[in-house]
Amino acid sequence: MAWSLSELAALTGTEVIGDPECRVYRLNSLQAAEPGDLSFLSQVRRRSELHTTRASAVVVPPQCESEVQHGLRSEQPYLTYAQLSQHMDPRGLPFSGAQDATASIAPSARLGAAVSVGPYAVIGADVVIGEGSVIGPHVVIYPGTHIGQRCLIGAHSVIGSDGFGFAPSTTGWIKIHHLGRVRIGDDVEIGASCTIDRGALDDTVIGSGVKLDNQIMIAHGCTIGPRTAMAACVALAGSTHIGADVTVGGMTGFTGHLEVCDKVHIGADALVTQSITTPGHYAGGAAGVMPVAQWRRNAVRFRQLDRLATRLAQLEKPKDSTN
Amino acid sequence: MAWSLSELAALTGTEVIGDPECRVYRLNSLQAAEPGDLSFLSQVRRRSELHTTRASAVVVPPQCESEVQHGLRSEQPYLTYAQLSQHMDPRGLPFSGAQDATASIAPSARLGAAVSVGPYAVIGADVVIGEGSVIGPHVVIYPGTHIGQRCLIGAHSVIGSDGFGFAPSTTGWIKIHHLGRVRIGDDVEIGASCTIDRGALDDTVIGSGVKLDNQIMIAHGCTIGPRTAMAACVALAGSTHIGADVTVGGMTGFTGHLEVCDKVHIGADALVTQSITTPGHYAGGAAGVMPVAQWRRNAVRFRQLDRLATRLAQLEKPKDSTN
Amino acid sequence: MAWSLSELAALTGTEVIGDPECRVYRLNSLQAAEPGDLSFLSQVRRRSELHTTRASAVVVPPQCESEVQHGLRSEQPYLTYAQLSQHMDPRGLPFSGAQDATASIAPSARLGAAVSVGPYAVIGADVVIGEGSVIGPHVVIYPGTHIGQRCLIGAHSVIGSDGFGFAPSTTGWIKIHHLGRVRIGDDVEIGASCTIDRGALDDTVIGSGVKLDNQIMIAHGCTIGPRTAMAACVALAGSTHIGADVTVGGMTGFTGHLEVCDKVHIGADALVTQSITTPGHYAGGAAGVMPVAQWRRNAVRFRQLDRLATRLAQLEKPKDSTN
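All values reported here derive from a predicted model rather than from experimental measurement.

A separate point is the pairing of strand β19 (residues 172-175) of chain C. Regular strands show a simple pattern: their side chains alternate between the two faces of the sheet. Residue and element names in this part refer to chain C. As defined by bridge partners, strand β18 (residues 166-169) adjoins β19 across four bridges and the pair is classed as antiparallel. For Phe166, the partnering residue across the bridge sits in β19 and is Lys175. Counting the residues in the hairpin turn of β18 and β19 gives two residues.

It is worth spelling out the interface of chain C and chain B at this point. Contacts between the two partners involve 65 residues from chain C and, on the opposite side, 77 residues from chain B. Counting each side, the surface lost to burial between chain C and chain B is near 5700 Å², with a carbon and sulfur contribution of 65%. For the chain C face of the interface with chain B, the top three residues by lost area are Arg91(C), Val289(C) and Arg303(C), together amounting to 12%. Counting every contact that joins chain C to chain B gives four salt bridges. Of the charged contacts, one joins Arg301(B) and Asp306(C) as a salt bridge, the two residues approaching to 2.8 Å between their closest N and O atoms. One can count 26 residue pairs in polar contact (both at pLDDT 80 or more) joining chain C with chain B. Only α2 (77-87), β24 (211-212), β27 (229-230), β36 (290-291), α3 (292-303) and α4 (305-316) of chain C provide two or more residues apiece to the side of chain C that touches chain B. Of the residues assigned to the side of chain C that touches chain B, the class counts are 39 nonpolar, 16 polar and ten charged.

With 77 residues of chain C in contact, the opposing surface of chain A contributes 65 residues. Across the chain C/chain A interface, buried area totals approximately 5700 Å², and carbon plus sulfur atoms make up 65% of it. The tally of links between chain C and chain A comes to four salt bridges. One salt bridge connects Lys175(C) with Glu189(A), and the closest N-O pair in it is separated by 2.7 Å. Here chain C and chain A share 27 residue pairs in polar contact (both at pLDDT 80 or more) between them. With seven residues, α3(C) is the single largest residue contributor to the side of chain C that touches chain A. Taken together, the residues of the side of chain C that touches chain A break down into 44 nonpolar, 24 polar and nine charged. Sheet analysis places strand β36 (residues 290-291) of chain A next to strand β35 (residues 280-283) of chain C, joined by two bridges and oriented antiparallel. Residue pairing across strands places Met290(A) opposite Ala283(C), the latter belonging to β35(C).

On to the relation of the copies chain C and chain B, then. In screw terms, the move from chain C to chain B is a rotation of 120 degrees and a rise of 0.0 Å along the axis, fitting with an RMSD of 0.0 Å. The operation mapping one copy onto its partner corresponds to a three-fold rotation axis.

Turning our attention to the nonpolar core. Judged by nonpolar contacts, the single largest core of 51 residues is most densely connected at Ile218(B), Met230(B) and Phe254(B). Those elements that provide at least two residues to this core are β20 (182-184), β25 (217-218), β28 (235-236), β32 (258-260) and β33 (264-266) of chain B. Counting 50 residues, the second largest nonpolar core, distinct from the first, contains Ala232(A), Cys194(C), Val248(C) and Ile266(C).

A separate point is the environment of Gly124(A). All names here are of chain A. Mapped onto the fold, Gly124 is located in the loop between β11 (122-123) and β12 (128-129). C-alpha separation for the pair Gly124 and Tyr142, spaced 18 residues apart in sequence, amounts to 5.0 Å. Those residues in contact with Gly124 that lie beyond four places of it in its chain are Ala106, Ala109, Ile141 and Pro143.

Cut-offs and rules
- Residues numbered from 1 in each chain as written.
- Chains lettered and ligands numbered in written order.
- Predicted model: local features only at pLDDT ≥ 70, side-chain atom pairs only at ≥ 80, totals over all residues.
- Heavy atoms only, no water.
- Pairing = 2+ DSSP bridges.
- Helix = DSSP H or I, 4+ residues; strand = E, 2+ residues; numbered from the N terminus.
- Contact = heavy atoms within 4.5 Å.
- Buried area = accessible area lost by both parts, 1.4 Å probe.
- Salt bridge = Lys/Arg side-chain N within 4 Å of Asp/Glu carboxyl O.
- Polar contact = N/O pair within 3.5 Å; in protein donor to acceptor, adjacent residues only side chain to side chain.
- Nonpolar A, V, L, I, M, F, W, Y, C, P; charged D, E, K, R; others polar.
- Least-squares fit on C-alpha atoms with pLDDT ≥ 70 in both.
- Core = buried A, V, L, I, M, F, W, Y, C linked by side-chain atoms within 4.5 Å.
- Buried < 20%, exposed > 50% of the residue type's maximum accessible area, 1.4 Å probe, protein only.

Given below as structure tokens:
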């Protein structure tokens, strides 16, 4: 497949730099590009790469326009790249466009128009799926789940599984049946091998525009606000309530029964144990790696940290009071 | 469906408060309840919610009996709620009650009476499954695994997979075939997307009454004592031996070749690197989140912590010895 | 099945100690062995176990030869054990040796000779799989993935799923289609329930001889060098580049866009946030568990750590400068 710059400019709302008939065959990074490739500059501070790339054309912001011979001028080159990646995808979205004959779909499930269902997907009773959603291979959707329009569920994800709830008794743990559902808004993307449990009494709710990476765990009764994005391996314990436009780094956990307000950005590998009520950037978790001998010495000191602080306070006292 | 309080009292061994013929249609939380709902008060310190709830009836402990018009008196309201959740579940346990036609069951597998097998489950050669167990959709049970009675295995879990064991050699890693099995007791619940590896030589053993949440990883040769419960994303390295009645918070890891005694309770996100020989409550892991600038300063100091402690000790020395 | 020591010596390149016709029926550990079992001593410091084991024969290093009546003399007993585990495996590798009738294999996929495909595996369009590889049950391989020879992919792993990439826009996140592939070398083993995303533009590359445990997450555009081994639940963010002969402990994360050189060994539960350019042993992460009251006091102090260090520096100043 080949595209002219004029054609791609029309598709992305950008303007041609150089020859509108310049033809490109593939998207590529500036470093790896070969003649025939279209590339993009997303960070102006890396503009020197424009001089070494072999790309035939580059998407650049206006202030770099004079540095390329052919390309597209865009106020947001990274967004333009995202749009181009959709237009110039030779394969299209995998496992989309059909309901695979091997999928197991309950007769009472209601699927909107143009819903794709991948091989071996299981869609339980009374599930509702909105128009244009793509259910990946091996996805399991438990009975009663509601999924909105244009959602994308990655391979092996499980939606609506039993929450983890038991009451202690003299004969062991007594299972709490989970009577809630999972409700997912529109334009939600869920990666591969995620698990989203249904609520004990209330529903688990994933807002519209939410994006979840792979291997994410959402426990019973959580709510996630619109457009919140989470990187891989994040885990939410029960009844974690996360606002809108939040981002969460990979491997970060939430201990449950807490609230995070809108526009909070949390780094990787942290543990959120209390509500966050002020928007902003937060971090926690491990302090990076170091040679193992150094780490061992520091880890021992961490275990003595409170005692170290007490000794410091003692030294700070005026001399006469310590005698 | 509707239930009278007298009927529910008989099912749960509780006593009616108010009208025995009061009818309820659904379980709900005190805050979300509407007329027709039955709710419960599990923590006496939240008894003020009894005055604002719209629930038609509430399960309460004896000391709160006078504060509700209709309800059930229970010594253990949370346990009563668990029992009610089973009786008042309109759908029943998902994917239970049948062996799905799409399940792949080896001819040599022996399944007890009333074993349910979900869609696309794979049950390997010589597997034994006890009476009344429910194997979820897409569960894979490797050859030779033994599963007890009344177990519940969530969607996409893998039981009996190869352990991670290799011997180094001049030509790379040489695979160790795993000759052990996985043996699971009675009344065990395993959530969605767990992986439990079989042992290299000894078996991996999960005791009766154990409850595992989602995305839990149990490596080769681990043993878990009866009634131990683990929250999501816990991971055990090889030959971790955990006692009975232990609880483990989410995302906590065990580095393997260690023992944890009975009645130990470990918080979330910790790393257990040594045996624990005394029952009690333990914690470790990340110290919560903080604004990212504060975290960065503290993380840098963590890397200097041993040096800080040495400097503190220097200051503590009597003046004459330092000159 | 039974084997004579002379037969096993020939298979493993070791020498018989005692009776070459001594017959063994099973591999077992020194502690659990019964008469008829063959065991091995992998750590000389545990040689006292040779005197209490009930094993009929033991694989020992030359310096322990005189302490056993029958056995095999090996320069590398653990490697010999690995070889024996393959020869003495009564069941053989699970789900190997055939292409299951329920597997869904795209017509355009090219599978080499003797490729096994487990039940319900999904192999997408244009996938290439080399000779002798074993694809486990329920594995999903996205279109375009290349897998080398003699690879082993565990149950429920997903290879080639969409990377997690979106461009922000005024209407929410815009999906970046991922045009790269996953390329996997020869002799790679991937455990159960791993997810390996394909690259946005470049390929995600797993080198020959790499061994991955269960529940590992490899993001888009990562590269992993030959013979690198990772324990369970490790997660790599996008564009993490890891060298050859690296080992990584369980639950360790990489924040992406960084490089780790060859022969680096990283402990469990760490977070790698910067490139590592010197071979050696590194650690990070949680400082083990402690009683919860102690942990709480120390965790509070961690949040004050930078302030504590400043106070210490203040105390260290000569007296006259502080007045």
